Structure formats: C-alpha cells, structure tokens
Amino acid sequence: MNTVRTLAAALALASALAVPNAAAARTKLVTLPGRATLVVNLQHPNQSLIYEERDITLQRGTNHIDFSWQGVSIDKDSIRLELLSHPGDGPEASKIINVAFPPNEPALTWQIFSPEARTERIRVSYLLSGIGRQFSYELTVDTAERTARFQQYFQLSNSSGENFDRAAFRIAQTDDLVRTVQSGETRRFLAFEKADMPVRKLYITRPDPYANRGEEGEIISMVYELRNDEAHGLGAFKLDAGKTRVFGATPDGDTIFLGENWLPQTATAEEAQLPLGTVKDVVLKRRTMDDRRENERFNIHRRLVAYDRVVHVRYEIENFKDAESVVRVIESLPAEAEIGEVSTGGVTTKRKSAEEMHLDITLPPRPADATQDVPVREVNVVYRVRNVLN
Amino acid sequence: MKFARSRRHWTAAAAALALLLAAPVALQAKIDLVTLPARDETQVTIYKSEDLTLVRETRSLTFDEGKNEIQFSWANTLIDPTSLQIRLVKPSPDFRILDAHYPANTANTIVWTIEAAREGQAQVEITCFASGLTWQADYKAIANADETYLRLEPNFTIFNRSGESFENARTRLVVGEINLTEAVADLARRGIIPVEKAAETRRQLGRAVMERSDMVMFDAMSMAPAAAGAFLAEAKEIVKAAVSEYYLYSIAGTEDLEDGWGKQLPDPRIDEIPIDVSYEFDPAKYGDRVVKFYKFKNNSEHKLGEQPMPEGVFYVASDDGKGGTRFQSRTQHKYVPIGEDYELNLGSDGLVLVELRTMRAERRDLDFDSAGDVRGWIDLADREIEIRNSTTRTIPIKVRQYFQGDWSFDKANTTYKRVDQSTIEWEIDVPPLDKTTLSFTLLTRQGSRASR
C-alpha cells in the first residue's frame, strides 16, 4: 500500500481481497485498478465534484477497497461510492457493508460484499479543493457597433495537487472538455461562441447635482448593452460574472481594444451593461435653473415648519459626432418628487422608480457644414416635492 | 470499555478487570492478579448531544466462599469513575455486592467487594460512562435531472477517540438532547472526588442519565440481533425505536470499533422521494439573495416517516443530464421529527431575481399642533416587488418583507399574509421565463398620526 501511494502521489484506490478486518486491508494490497473514466464537474460556482469510474475485481464474500490520498484536499464526508455493475438490493447485487476511516491519515476503506467473484465497475465521487475557475469574455463589435462576436472563455487553475489525465471537464455551456491538466497548470478553454450577436450602444450619464461640474460637463459613459436571450443568440444558460474585453473592428479589417469591464452574472432573459469609457464627442451640462420654496407654513413663532419645493433642471447637450446619438440621462430625484413639466420632442422619459428618472434624448448629428456651430439642445425638467419638513 | 481482549490493548493496559481472592483487608497495591475473566458481551450506547457513551459489559466470574474483591482499572481512556457500577445479572442470595472503594494513591482503579455464600460462578454486568466516542449522521441526496425526485442515502458514522478499542460490541446510537450536569470527560480527568460531592454527582448523573439509559437498555435488549457471527454478507440493518424522548438506532450484530478509527454504516437508501422545488426571498435570513430549496416531508407520502431523522450534513447533488451528477449544496439540516418538513437550502442558483422598488412616495395629512408645529403626518409609498424567473418551469416563491412603526397596506394586487406586526409574506407562483410584480401601497403613520 505504501508503495502504491508513493507512486500514485495524490490519489490511490486499492482493492484488497478477503481480508478479515479493515486494518489488515490497508496492508494487503492486491490490485490497483486504473481509472476508466474521470469527470470533473465544475457546474457549481465554487465546488468541484470529481467522479471516477474504475473496474475492480471482487472475490466472493467480503472485500475491502482502500481509498487514500496525499497532497490533495478532499472533503472526506463527501466521498461516495456507487456500485454500477450490480446495484440494488437483490441477492445478486454487490453491497456496501460499511466504511472505515483510519486514524490520522487521509484514507478510508469500504467493505463490500459480493455474492460471487466478478468484476465490478465502481464510481467514486468526492469534492476536491484547489480547482479555481473563472469566466472571461471577448466582444468584438463591428464597425457599425450593432453586432458583435461574443466569446466566452473558461479558465481552469489546477492547484489541487492532482494531475488530471484526459479528464472530462464538465461545465454547463458546452460538451465535456476532455483535456489533460497537470497540477499547477492553468488552462483556458473557449466555452461558447456566437457570431453576429446584436448589441446596443448607449451613452449614459448620471449627473451628480452636488459635484458642481459646471462648464466642464457631466461624465458620459459609453456602454454596450447585451441581452441574454434567444433573440440575441444567447439564453441557453446563465452568464457567469467575468471580465469582458471589448474590441472594435476597424475599417481596414483590423481590430482595436475599446476597453474592458466586469460583466455581472446575467440570468436568462436579463440584460447587462458594460460601461467601457468616457464619451468626449457628446457634451452635457446640467444646470439647476431654480430651486424655490412654495406653500410655506410657519408656526406661531414665524419659524418655517413645512413647505413645497419646486426644482427646475436644465440639460444642455451638444453632439459633435457625425451621427445621430442618443444620450440617456439618469436623474436622481427625491422620492416624493412629482414630475411637472418635461421638454418633449426627441425626449422619452420613464420614471424607473421613485428615486430615479430616465430621459433618453435623441440628438441629431453635427452640422455637415463645419462653419456652423453645433446646436445646443435644451431639455427642461421641473419637479415638485410636497410637504418638506423643515 | 474493552477489557484487555486485543493484544494491543492488553499490552497497553487500557482497562483491566481482575479478580482478587481472599483479600481480607484494605487492598494492597501488590496483590497478585489471580484470574482474568473472559468477557461475555460488550455494548456501547453512544449519545449524540453530549460526549457520553454508556458502556456495559458482562463477564462470568468465579467466586470463592467469603469475600472476593473485583478490581477494575483503566488507563489512557476517559471513564467517569463516579459512573462505575456493578450488578449481578441474575440476582442470587448466594452472592452479594457489599461495597466499592477507590484505593488510595491508585489512580483509575475501583475495587468492588462481593460476598459469596458458596464457591461458584456468577455473571456480573459492569457499566460506566466513557468519553471520546461520537457519532454523526450525514446524508447524500441526489435529485433527478428534472428535480422531481430525490434519492436519499443516510449514513451513520461512529468515531472512536476514547483511547480504547471495542471489539464485537453491540452498538446503539441515541438521538435526543440529554441533560448532563458535568461533562464526562471532565469527571474522568478529575478522577474520584470527595465523598459528599461524589455522592451528589452520582445522584445527579443517575437521575439525568442512568435511568434513561436503563430504559433504553431494556428496550434495546429486547430487539437485540440474534447471531452476530451469521451476519457477514449484508449491509448492517439499523433498527430504530422510540424510547421516551429519545430515538434509538441499534446496529444489527456487533461492530469492531477500533480506537482512532471512524466507521460509517450506511442505512438503506430511499429512492424516488417526491420533492418540490421552491424559492425564498427573505432579507432578514438570506440578504438580497433568492434561495432555492428542495422540500419534502418526513412522512409516508415521501417514502419516509418511519422514524425521525437525526441532524446532519446533507450533500445535495442532482443528475447533470450527462450520466453524472452536479454538486448543488452542502447544508446542515436540523433534526426532523416524523411528519415535519425537510427544507434543503441549496443557496442561490442565480436564476430567480427579486427587485424591490418604490414607484411613488408622498408625505401627506400633515397635522399641526396649536403652536403651528408639525406633530404628525402620513408617509405613503407605492412599492413594487418584481420577481423574474429565468428557469424553464413555474416556480413557487415565498417573499417576506419587514416594516416598522404604525403601518398598513392601502391596496395590494396580490393576496398576502400578515405573519406578525412587522412581517408580511407572499406565496405565489411565477411562470417560466416570465416575471410577476407584487404591488402595494404602504402607509406609515408618523408622530401624532401613529397609534402604535
């Protein structure tokens, strides 16, 4: 047994035949069956379930199967043995009688009864620590920025101490990836790919009224939005969180790096946004044109106790791009704000919640005549907050 | 205890029982060993809630006429000396237990004096409390690919760290919360203590444990397996029985419980337990995550219900549709009485999302006092709870929300249940790849408007 463990380094499975007790079984190795199948199931976000199948020779009567490991971290209580060739409870079935755990060493011994001498295929499964996994993505958008090639990569870092020789790595996205991964090795697989996936490009700004950015203008982010559904060529599985690098196709057929961000975990039918960089060709200035009290109420000492607040916000937007652009302004509001007047014409508004309103503002391209100034588009929003307590 | 049966423990002198003949005066340390009586049977009853094992063994002793002294000693093992008891298996007027004493300057030794009216043989039973034997239940639960059925594989694992090995021991496991005034291991380390305190300790232990253990013993003896030797080929049957407030798992035949080893005894698996998949959103318990559950009951409808199930760790997996299994969760589950629910917490699968929103807020009905100050008002909020189901099946979900103060619902689009004064609960089904929105208006009365 000791010799076998040294050779096998990490995991050893040994069959000892017709030995009277567990202790003896551990010193009377007869066979070391090879792995017939080895699967590494990585569908759980952070647990790795290993299962391996082996053919062992059982003698009639009681047999002892010794399973030990060194240099790897196995959740001992997760270890499970299945008898695949002769399962069940009938008289012909092989049966597990008990499992013995020796003191102070990572090992266990199954006591198995077989009604006759025969070969039994067994499956041993267990949770193994030290297999890191992470997803990453590449998005290559076309020159029109309407579609993209979507690639999902799966990276496996094997620091488990175990060498996986032609193991089937199982993830939800694809067929089993049969690879050899040595301990200490990291491998990256292309797990999923979709060409011509529709993407939507957005300009989004969340003005901070307290930042006083003034003439500098608000920060506008360039965002790609994708949706994990069938219409977008996805939707077959949840997208795990991962770093996403976005490349853009150039007219000469090359690509350039546009930026990167973390794609959040995105369930089926959910959308995800990837903010990539700051937009410089669209300028938006937010001005508070008025913030006054109305309907003031005083106590007998002429102290203000309550009032209504009326706020007038103006956005001034210039589009220096040679194409029509849509800017989404996400305005934070007091929860009690009642929206009053909003500019119309090229503006759609949606109260996403009591504290947030979205204004999608469509801007024409800059004038073709370079001598003309770019027009400043003004959008006004007036809201009222009733019964503010002083 | 195992009384020096194995060679290893014979040399280690873990525990020894000696019959000392004709010792008319106080025990001398150098008195020769006369006989080492053979052990007839050993039985261990291992409790789960405390580090407590009731060890009971019977031996046949041959007595000389007159006073006989039985010396019992142990080393490297934790025995509560106050718990040691001896009794005649079949009471006889010819043999009488006179007393027990703990020799001075001799640790871990007790000597019983038995008076025999004639020379002859009698069977004695010795019991004691030992420390270091524990057991645990764990369960492998594997769902089918559709998550409609579950296969349950219970296992009972005994760990022996007592310093003593037990061979061919009848083994019983006790489920239930037992009361101990002092830990057995502490009593064992402390050794024998002054008489007045020892008596009290013994009384307390006797009340708390021994009587219950005796009840257990009586019941278990009646269902003892017939012949341990004949039972070699099959997985051990684990016979269950209720005893008072406890539940007893008796393992068929006998077991070798080697010191330092653990031993797992699989209980027969239960196939095709129908399960329900459901979700819960409860910020107080799970934060902002939606948690998935497998639910079933410990009853006959679910192919269970014959006995309560001990607490233990569940390793939950499901068929991965490719001939293997995928790991779902490792979750601790409490003791489940017959008829009670199992709720296996699988964590969040990321496929069901809940979003909370306030769509409109208003402060109204201001109340002014005589000085013109605001002394009360009502906060109104139109709220929405959007539940999005990315799975391909209809999912039942339980949603809980908590509110403080003098609050009420003005309107709600779905039936809800008021659990207590601060908790509202919805139980609804969400269609596959769809969403459901719960909406309601929350009125919170403040200041003078509040009545509670």
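Treat the numbers as computed from the prediction; the structure is a model and nothing was measured. Note on numbering: residues in each chain are counted from 1, in written sequence order. Going through the entries in the order they are written, you letter the chains from A and number the ligands from 1. Residues qualify for local features only when their pLDDT is at least 70, as the model is predicted, and side-chain atom pairs are given and counted only at 80 or more; totals for whole chains, interfaces and linings, by contrast, use all residues. Values reported for side chains reflect all heavy atoms of the structure, with hydrogen atoms and water molecules removed beforehand.

Trainee: Would you take a moment to explain the overall build of chain A for this structure?
Mentor: Segments assigned H or I by DSSP are reported as helices when at least four residues long, segments assigned E as strands when at least two residues long, and all are numbered from the N terminus. Helix and strand counts for chain A stand at two helices and 25 strands. Partly exposed residues are those whose accessible area sits between 20% and 50% of the maximum for their type, while under 20% is buried and over 50% is exposed, using a 1.4 Å probe and protein chains only. A total of 390 residues make up chain A; the buried ones form 50% of that total. Using a 1.4 Å probe, accessible areas were evaluated by the Shrake-Rupley method; residue-level cover was limited to the displayed protein chains. Of the roughly 17,900 Å² of accessible surface on chain A, a fraction of 45% belongs to carbon and sulfur atoms.

Trainee: Help me understand unusual backbone geometry in this model?
Mentor: Glycine aside, residues mostly have negative phi, and peptide bonds are mostly found in the trans state. All names here are of chain A. Despite not being glycine, Asp196 shows a phi value in the positive range, around 55°. Relative to the assigned elements, Asp196 resides in strand S13 (residues 186-198). Relative accessible area serves as the criterion here: at 58%, Asp196 is assigned to the exposed category. At Asn295, a residue that is not glycine, the phi angle is positive and equals roughly 55°. Among the secondary structure elements, Asn295 is positioned in strand S19 (residues 282-298).

Trainee: Honestly, the packing of aromatic side chains in this entry has me stumped. Any pointers?
Mentor: Within a pair of aromatic rings, the relevant descriptors are the distance that separates the centres and the angle that separates the planes. Note on aromatic contacts: the rings of Phe and Tyr and the six-membered ring of Trp form a pair at centre separations within 6.5 Å, being stacked when their planes are under 30 degrees apart, edge-to-face when over 60 apart, and tilted otherwise. For the structure on display, the rule yields 32 aromatic pairs over all chains. Here Phe150 of chain A and Phe192 of chain A contribute two aromatic rings whose centre-to-centre distance is 6.2 Å and whose plane-to-plane angle is 65°, an arrangement assigned as edge-to-face. One end of the pair, Phe150 of chain A, is in strand S10 (residues 147-158); the other, Phe192 of chain A, is in strand S13, with 42 residues separating them in the sequence. The exposure classification of Phe150 of chain A matches that of Phe192 of chain A, with both residues buried. Judged by centre distance (4.6 Å) and plane angle (20°), the ring pair of Phe296 of chain B and Tyr342 of chain B falls under stacked. With Phe296 of chain B in strand S18 (residues 290-297) and Tyr342 of chain B in strand S21 (residues 341-347), this residue pair connects regions lying 46 residues apart in the sequence. One exposure class covers both Phe296 of chain B and Tyr342 of chain B, and it is buried.

Trainee: What exactly am I supposed to notice about empty space enclosed by the protein here?
Mentor: To locate leftover empty space, one rolls a probe as large as a water molecule over the atoms. For cavity detection a 1 Å grid was placed over the protein atoms alone, and a set of points counts as a cavity when a 1.4 Å probe fits there but cannot get out; an open set counts as a pocket when protein lies on both sides within 12 Å along at least five of seven lines, with lining residues being those that have an atom within 4 Å of a point. Grid points are joined across faces, edges and corners, and a volume is the space filled by probe spheres set on the points. The final tally for this structure, using the stated rule, is three cavities of 30 Å³ or more. The calculated volume of the largest cavity comes to roughly 120 Å³. Surrounding the largest cavity, 13 residues form its lining, Leu49 and Ser78 of chain A together with Lys140, Tyr315 and Ala317 of chain B being those nearest its centre. Of all the secondary structure elements, the ones that give two or more residues to the lining of the largest cavity are strand S8 (118-128) of chain A together with strand S9 (133-143), strand S19 (312-319) and strand S20 (325-333) of chain B. Put simply, Ala, Val, Leu, Ile, Met, Phe, Trp, Tyr, Cys and Pro go in the nonpolar bin, Asp, Glu, Lys and Arg in the charged bin, and everything else, Gly too, in the polar bin. The class makeup of the residues in the lining of the largest cavity is eight nonpolar, three polar and two charged.

Trainee: Sorry, what's going on with the pairing of S19 of chain B here?
Mentor: The two faces of a sheet get side chains in turn, since along a regular strand they alternate between them. Residues and elements named next belong to chain B. Most of S19 sits out of view: six of its eight residues are buried. Think of it this way: DSSP has to see at least two bridges between two strands before they count as a pair. Sheet topology note: the S9/S19 ladder contains seven bridges and is parallel. Its bridge partner lying in S19, Lys140 is registered against Tyr315. Across eight bridges, the pairing between S19 and S20 is antiparallel. In the strand pairing of S20, Ala317 is matched with Phe327.

Trainee: What is the right way to look at the sheet that holds strand S25 (residues 377-389) of chain A in this model?
Mentor: Working definition: the strands of a sheet are paired by backbone hydrogen bonds and lie parallel or antiparallel to each other. Residue and element names in this part refer to chain A. Pairing is antiparallel across the open sheet formed by four strands, whose spatial order is S19-S20-S25-S22. Every interior strand has two partners, whereas the edge strands, S19 and strand S22 (337-342), have only one. Neighbour to neighbour, the strand axes of the sheet diverge by 20° on average, direction disregarded. Sheet topology note: the S19/strand S20 (residues 304-319) ladder contains 14 bridges and is antiparallel. Counted as the bridge partner of Asp291 is Val311 from S20. Axis lines are fitted through C-alpha atoms, for helices just across the contact stretch, and the angle between N-to-C directions can take any value from 0 to 180 degrees.

Trainee: It is not clear to me how the side chain of Gln307 of chain B should be interpreted in this structure. Could you clarify?
Mentor: Residue and element names in this part refer to chain B. Take Gln307: it is sitting in the loop between S18 and S19. For Gln307, a relative accessible area of 12% translates into the label buried. In this description, contact between two residues means that some pair of their heavy atoms is separated by no more than 4.5 Å. The residues touching Gln307, leaving out its near neighbours within four places in the chain, are Lys240, Tyr247, Tyr249, Asn298 and Ile338.

Trainee: Mind showing me how you'd approach the pattern of salt bridges here?
Mentor: Side chains that carry opposite charge are capable of pairing whenever their charged atoms lie near each other. Salt bridge, as applied in this entry: a Lys or Arg side-chain nitrogen positioned within 4 Å of an Asp or Glu carboxyl oxygen. Counting across every chain of the model gives 74 salt bridges over all chains. Linking Glu82 of chain A and Arg80 of chain A is a salt bridge whose minimum nitrogen-to-oxygen distance equals 3.3 Å. With a relative accessible area of 16%, Glu82 of chain A lands in the buried category. Residue class for Arg80 of chain A comes out buried when judged on its relative accessible area of 7%. As a salt-bridge pair, Lys398 of chain B and Glu280 of chain B come within 3.8 Å of each other at their nearest N and O atoms. A residue pair is termed long-range when its members are at least 10 positions apart, and Lys398 of chain B in strand S24 (residues 395-402) and Glu280 of chain B in strand S17 (residues 276-281) qualify at 118 residues. Because the salt bridges share partners, they merge into one network encompassing Glu53, Asp55, Arg80, Glu82, Arg121 and Arg123 of chain A together with Arg151 and Glu153 of chain B.

Trainee: Explain the nonpolar core to me, please; I cannot follow it from the model alone.
Mentor: Taken as a class, soluble globular proteins show a tendency for nonpolar side chains to be buried jointly. Residues and elements named next belong to chain A. Residues Phe67, Ile79, Trp110, Phe164, Phe169, Tyr315 and Leu359 are the most contacted members of the largest nonpolar core, which totals 79 residues. A total of six residues in this core trace back to one element, the largest contributor, which is S20. Structurally, this core is a two-domain feature, drawing no fewer than three residues from each of domain 1 (2-128) and domain 2 (282-389). Setting aside its immediate chain neighbours within four residues, Leu359 contacts Tyr315, Val327, Arg328, Val329, Glu331, Val342, Val347, Thr348, Thr349, Val379 and Val381. For this analysis, a nonpolar core means a set of buried residues of the types Ala, Val, Leu, Ile, Met, Phe, Trp, Tyr and Cys, connected via side-chain atoms within 4.5 Å. Per the annotation, domain bounds derive from an automatic or database assignment of domains.

Trainee: Explanation requested: the interface of chain A and chain B in the structure shown.
Mentor: How big an interface is tends to be reported as the loss of accessible area on association of its parts. At the junction of the two partners, chain A supplies 57 residues and chain B supplies 55 residues. Roughly 4,500 Å² is buried in total at the junction of chain A and chain B, and carbon and sulfur atoms are behind 52% of that figure. The buried area of a pairing is the accessible area, by a 1.4 Å probe, that goes missing from both parts when the two are put together, added over both. Of all residues in chain A, the largest losses of buried area upon contact with chain B belong to Asp77, Arg80 and Phe101 of chain A, amounting jointly to 13% of the total for that side. Here chain A is connected to chain B by eight salt bridges.

Trainee: Could you clarify how one ought to interpret the environment of Val354 of chain B in this entry?
Mentor: Residues and elements named next belong to chain B. Of note, Val354 is situated in strand S22 (residues 352-368). You can call Val354 buried: its relative accessible area is 17%. Remark: the alpha-carbon pair of Val354 and Thr437, spanning 83 residues in sequence, is separated by 9.5 Å.

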